[in-house]
Amino acid sequence: MLSELRTSKLSPHRYYELYMRAFDELRMLEIFFKDESRHGVTVVDLYELVQHAGNILPRLYLLCTVGSVYMKSKEVPAKEILKDLVEMCRGVQHPLRGLFVRNYLAQVSRDILLDINSECEGDADTVMEAVEFVLQNFTEMNKLWVRIQLQGPARLREKQEKERSELRDLVGKNLHVLSQIEGVDLEMYKQTVLPRVLEQVVNCKDELSQYYLMDCIIQVFPDEYHLQTLETLLGVCPQLQATVDIRMVLSQLMDRLSNYAVSNADVIPEFLHVEAFAKLSNAIGKVIEAQVDMPIVGAITLYVSLLSFTLRVHPDRLDYVDQILGACVKKLSSQPKLEDTRATKQIVVLLSAPLEKYNDIVTALTLSNYPRVMDHLDNATNKVMAMVIIQSIMKNNSCISTADKVDVLFELIKGLIKDLEEVTVDELDEEDFKEEQNSVARLLHMLHNDDPVEMLEIICAVKKHILCGGPNRLPFTVPPLIFSALNLIRRLQNQNGDVVEEMHATPKKIFQILNQLIEALSSIPAPELALRLYLECAEAANDCDLEPVAYEFFTRAFIIYEEDISDSKAQVTAIHLIIGTLQRMNVFGIENRDTLTHKATGYSAKLLKKPDQCRAVYACSHLFWVDDPEGIKDGERVLLCLKRALRIANAAQQMATVTRGSSGPVTLFVEILNKYLYYFEKGNQQITTAAIQGLIELITTELQSDPPSASPSLDAFFTSTLRYIQFQKQKGGVMGERYDSIKV
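None of the values given here were measured: they were computed from a predicted structure.

Calculation notes
- Residues numbered from 1 in each chain as written.
- Predicted model: local features only at pLDDT ≥ 70, side-chain atom pairs only at ≥ 80, totals over all residues.
- Heavy atoms only, no water.
- Helix = DSSP H or I, 4+ residues; strand = E, 2+ residues; numbered from the N terminus.
- Expected span 1.5 Å × (residues − 1).
- Buried < 20%, exposed > 50% of the residue type's maximum accessible area, 1.4 Å probe, protein only.
- Contact = heavy atoms within 4.5 Å.
- Polar contact = N/O pair within 3.5 Å; in protein donor to acceptor, adjacent residues only side chain to side chain.
- Core = buried A, V, L, I, M, F, W, Y, C linked by side-chain atoms within 4.5 Å.
- Salt bridge = Lys/Arg side-chain N within 4 Å of Asp/Glu carboxyl O.
- Phe/Tyr/Trp six-rings, centres within 6.5 Å; stacked < 30°, edge-to-face > 60°.
- Axes fitted to C-alpha atoms, helices over the stretch in contact; angles between N-to-C directions.
- Parallel < 35°, antiparallel > 145°, perpendicular 65-115°, else oblique.
- Left-handed = near helix turned anticlockwise from the far one by under 90°.
- Nonpolar A, V, L, I, M, F, W, Y, C, P; charged D, E, K, R; others polar.

Undergrad: Describe helix α31 (residues 568-584), listing the residues and the values that go with them.
TA: Its 17 residues give α31 an end-to-end C-alpha distance of 25 Å, which sits within 8% of 24 Å, the value for a rise of 1.5 Å per residue. For α31, the complete set of buried residues consists of Ala570, Gln571, Val572, Ala574, Ile575, Ile578, Ile579, Thr581 and Leu582. The elements touched by buried residues of α31 are α29 (527-543), α30 (547-564), α32 (590-605) and α33 (610-620). Where α31 starts, the residue carrying a side-chain oxygen 3.2 Å from the main-chain nitrogen of Lys569 turns out to be Asp567.

And the structure:
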């Protein structure tokens, strides 16, 4: 079987299977050699005897087997046998056969090496010789492993590399043994082990070997050793072959060190003492500089790994984070915009890491290089990153509290705030655009400062940015800013309703800003939204007791109504908003109020459809009767509005009769009846029981002229109204007496 191992015809995989079968037999032979009583020959004689085997390969396997028994017998110092064996193995130079015979030597000597520092074996010199044996064996095995790639035809190179990769553990086992030998302390590792291993790594000039051995070093030796020899280990990285995935090597090293720091906080001072960050940063810079052909994604991935290491080990050192971002900017400076999709994704990971770590965008805003990195993203990815930033703010409920930070933030999310070059809103998906702008609108509510002066500065800063957003964005971004400003105005009022004039943060100044914002909105045009916002501002001015300001806002709302709102449905909605807002105003004097109410009633009577006219006119009656102790109560003008509404309702009925051949719905009369009842209960002397009685009879007559079940909802509406009157009559009291004369 040992002679079979001399073959050159098997693939590495098949040879490995043959080797394992031979290995099992050799282990049985070793047990036999240990029992001297069975074969009657001393181990010394056996050691001499097997050296007379005719072929070198079987001789070496037998020699290693007997040598293992010889060393375990303690009849001779193990170091002498080891030295003898490792030198004799030089006799096999065939890559595959030599690799496996040395692997067998490593396996049979493993237990002896791990006990080399025991009381039986000696001193530090003995340990050193054991280390020397492993290093020598490792060096020769790696050379043989590298040479395997030279065997066979070039067309099978890919298959050979795969098979050779499957044998890598044979070489790596030596490093694993080195890490377990007692007596290999930090000093010996630093002075002997690491330099010798790294020397072999550099000299072999093989991509597969260099990557695997660097990975082995990182994985098998203790973390504290790596920390203390960081400069030596990193110094090798620029010397590796350009095709070696140095990114993975450094990433694994940084992951290992950061896990070490996280699991044991006491070692953090040691990281600072050895200047781990500076060494890693310097090494990455040298690697990127040395490998001129390294793709941009590889360089950025290295910075991502370094940033991850920094955020875990030195989360308090924002200067380190900014330094990494600055290095990334320097690397990206050669190309204005990234076109590599993989590199772009890594940039997003790089920029997202600080947000995830600190859970606070304010911290990221202090990083001067953060926006400079974002500038290198293409427009689409810039928007993606901007959405990530906004989502982070919303998730962590972060508050942006100064105008300077607002400026920095809006510079970061400028892809959502304004059109970037070569991209127009028309090219964007409508749903995506709405989602983006709604996110910006929600963001505006996160900008807050309890100090009114600071808050006003924030509002001015936001205004400067959003007014550059273009007509499509303003309807999303202006309203939240206006409500933020209105909230500030109300905060400026004390509990007694007096306005606190604190420095420049006065309601008048804020109202000027509000007017500018709504003017920008109305110029888009977005008349309906502008009208609503003017009315909101008018109501706020009313609360501040600023009559001229409130009147001005109402005037602008009326101008928009007259000039810009032509759709009949929009007019109906607008006039009801105007009436409802005006009804709540108490700041106007008699003259101004009369002017505005006259305008409102005039607009109401000019609506296109008669039913809309009717409803708007009877709604205007509330402008003359405010249910408040100090509110206006002009019963005569209320009655005039209701009578006018009745005339319009009657005209609507006649038109319906002409056009459809039958009377139209009587709903308007029932609605007006309910208004009569409202003012009747409020004590309006102009509303008499006779008027109510007449209206009831009119509705009853009209309903009788309609076919049965023509309008079930109307019947239910009128029935409910009559039931309410009956209820009030039965309730008794003052109100019951007033209702008593009404017959239903």
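Now that the structure has been shown, we can carry on.
Undergrad: Before we move on, could you go through the nonpolar core and cite the residues and values that matter?
TA: The biggest cluster of nonpolar side chains holds 260 residues, and the ones touching the most others in it are Ile217, Tyr370, Ile389 and Leu409. By residue number, the principal contributor to this core is helix α17 (residues 296-313), which donates 12 residues.

Undergrad: Before we move on, could you go through the pattern of salt bridges and cite the residues and values that matter?
TA: Summed over the entire model, instances satisfying the criterion amount to 24 salt bridges. Of the charged contacts, one joins Arg90 and Glu140 as a salt bridge, the two residues approaching to 3.4 Å between their closest N and O atoms. Of this pair, Arg90 sits in the loop between α5 (78-88) and α6 (95-114) while Glu140 sits in helix α7 (residues 124-147); the two residues are 50 residues apart in sequence, bridging distant segments of the chain. A single salt-bridge network, built from bridges that share partners, covers Arg27, Glu30 and Lys72.

Undergrad: Explain unusual backbone geometry residue by residue, including any values.
TA: The residue after Ile524, namely Pro525, is reached through a cis peptide bond having omega 5°. Position of Pro525 among the secondary structure elements: in the loop between α28 (507-522) and α29. Phi is positive for Glu275, close to 55°, though the residue is something other than glycine. Looking at the element boundaries, Glu275 is found in the loop between α15 (268-273) and α16 (276-290).

Undergrad: An account of the packing of aromatic side chains is needed here, citing residue identities and associated values.
TA: This model, assessed by the stated rule, comprises 25 aromatic pairs. Seen from their ring centres, Tyr561 and Tyr603 are 4.8 Å apart, and the 45° between their planes marks the pair as tilted. In this pair, Tyr561 is assigned in helix α30 and Tyr603 in helix α32, connecting sequence segments 42 residues apart. The residues Tyr561 and Tyr603 share a single accessibility class, namely buried. An angle of 75° between the planes, with centres 6.4 Å apart, marks the rings of Trp625 and Tyr679 as edge-to-face. One end of the pair, Trp625, is in the loop between α33 and α34 (635-660); the other, Tyr679, is in helix α35 (residues 667-682), and 54 residues separate them in sequence. A relative accessible area of 6% places Trp625 in the buried class. An aromatic cluster is present here, built from Tyr15, Tyr16, Tyr19, Phe23, Tyr61, Phe100 and Tyr104 joined pairwise through their rings.

Undergrad: Would you mind going over the packing of α6 against helix α9 (residues 168-180) in detail, with residue names and values included?
TA: When two helices pack together, their arrangement is given by the angle between their axes and by how far apart the axes lie. Interhelical geometry of α6 versus α9 gives an angle of 15° and a closest axis separation of 10 Å. If you check the angle between α6 and α9, you find them roughly parallel. In the crossing of α6 with α9, the sense of the turn from one axis to the other is left-handed. Across the interface between the two elements, Leu99, Phe100, Asn103, Ala106, Gln107, Arg110, Leu113 and Leu114 from α6 touch Leu170, Val171, Lys173, Asn174, His176, Val177 and Gln180 from α9. Along the lines of polarity and charge, the residues of the contact of α6 with α9 split into eight nonpolar, five polar and two charged.

Undergrad: How would you sum up the environment of Phe553? Please name residues and give values.
TA: Here Phe553 lies in helix α30. When its relative accessible area of 3% is taken as the criterion, Phe553 is described as buried. As a C-alpha pair, Phe553 and Cys537 span 16 residues in sequence and 6.8 Å in three-dimensional space.

Undergrad: Help me get a handle on the side chain of Asp206, residues and values and all.
TA: Note that Asp206 resides in the loop between α10 (186-204) and α11 (207-220). Judged by relative accessible area, which is 6%, Asp206 ranks as buried. At a separation of 2.8 Å, a polar atom in the side chain of Asp206 contacts the main-chain amide nitrogen of Ser209. If sequence neighbours within four positions are ignored, Asp206 has contacts with Val146, Gln149, Arg164 and Gln241.

Undergrad: Which residues make up the side chain of Ser109, and what are the values?
TA: Mapped onto the elements of the fold, Ser109 is located in helix α6. Assessed through its relative accessible area of 0%, Ser109 is described here as buried. Looking at Ser109, its side chain comes within polar contact range of the main-chain oxygen of Ala106, at 3.3 Å. In this structure, Ser109 is in contact with Leu82 and Phe133, ignoring residues within four places of it in sequence.

Undergrad: Explain α35 to me, using residue names and the numbers behind them.
TA: Look at α35: 23 Å from first C-alpha to last across 16 residues, which is about the 22 Å you get at 1.5 Å a residue. Taken together, the buried positions of α35 are Leu668, Phe669, Val670, Glu671, Ile672, Leu673, Tyr676, Leu677, Tyr679 and Phe680. Just downstream of α35, Gly683 is the residue with a positive phi angle, here 95°.

Geometric values such as these leave the question of function open.
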